[in-house]
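Read off the chains here:
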Amino acid sequence: MEASRRLETNLVEGLIYILCCVFVSYSFTTQPMNIIYKVFLFLHIVGGSVGLLTGMLNILRNKGDKNHKFVGKVFLISMIISGVSALVLASIHTNYFIL
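Residues numbered from 1 in each chain as written. Predicted model: local features only at pLDDT ≥ 70, side-chain atom pairs only at ≥ 80, totals over all residues. Heavy atoms only, no water.

## A look at the side chain of serine 82
Consideration 1: For serine 82, the position within the fold is in helix H3 (residues 66-92).
Consideration 2: The class for serine 82 is buried, based on a relative accessible area of 9%.
Consideration 3: Here serine 82 is in contact with His44, Gly47 and Gly48, once residues within four sequence places are set aside. (Helix = DSSP H or I, 4+ residues; strand = E, 2+ residues; numbered from the N terminus. Buried < 20%, exposed > 50% of the residue type's maximum accessible area, 1.4 Å probe, protein only. Contact = heavy atoms within 4.5 Å.)

In structure tokens form, the structure reads like this:
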């Protein structure tokens, strides 16, 4: 039980570290963008990644235990962050191709 919890923590920390490295390298190598757009893009990427990871973990867990409920709450919060940031990104950078 403790080993799986430690593995989940290490996976989440590793994912956050990788996303931070990608974000920093992305911000220095591309054309200048608005800082608000960068922040919300980062939130969208991190929220979506954490949501995908926690969703996968909950599918593999037994339903109803304490860790399942905690991971479900993390999933909910990350999906809300990802959704709200997507709305902000869509309003900042409109894409007429979809219309």
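The rest of the description comes next.
## Let's talk about the pattern of salt bridges
Consideration 1: Evaluated as defined, the whole model comprises one salt bridge.
Consideration 2: The partner of aspartate 65 in a salt bridge is arginine 61, and the shortest N-O contact between them spans 4.0 Å.
Consideration 3: The exposure class assigned to aspartate 65 is partly exposed, which follows from its relative accessible area of 25%.
Consideration 4: On the accessibility criterion, arginine 61 (17% relative accessible area) is buried. (Salt bridge = Lys/Arg side-chain N within 4 Å of Asp/Glu carboxyl O.)

## Focus on the packing of helix H2 (residues 35-60) against H3
Consideration 1: Two elements in contact, H2 and H3, have axes separated by 7 Å at closest approach and are oriented at 150°. Relative to H3, the element H2 is oriented roughly antiparallel. Our pair here, H2 against H3, has a crossing hand that is left-handed.
Consideration 2: Here the residues of the contact of H2 with H3 sort into 17 nonpolar, 12 polar and no charged. (Axes fitted to C-alpha atoms, helices over the stretch in contact; angles between N-to-C directions. Parallel < 35°, antiparallel > 145°, perpendicular 65-115°, else oblique. Left-handed = near helix turned anticlockwise from the far one by under 90°. Nonpolar A, V, L, I, M, F, W, Y, C, P; charged D, E, K, R; others polar.)

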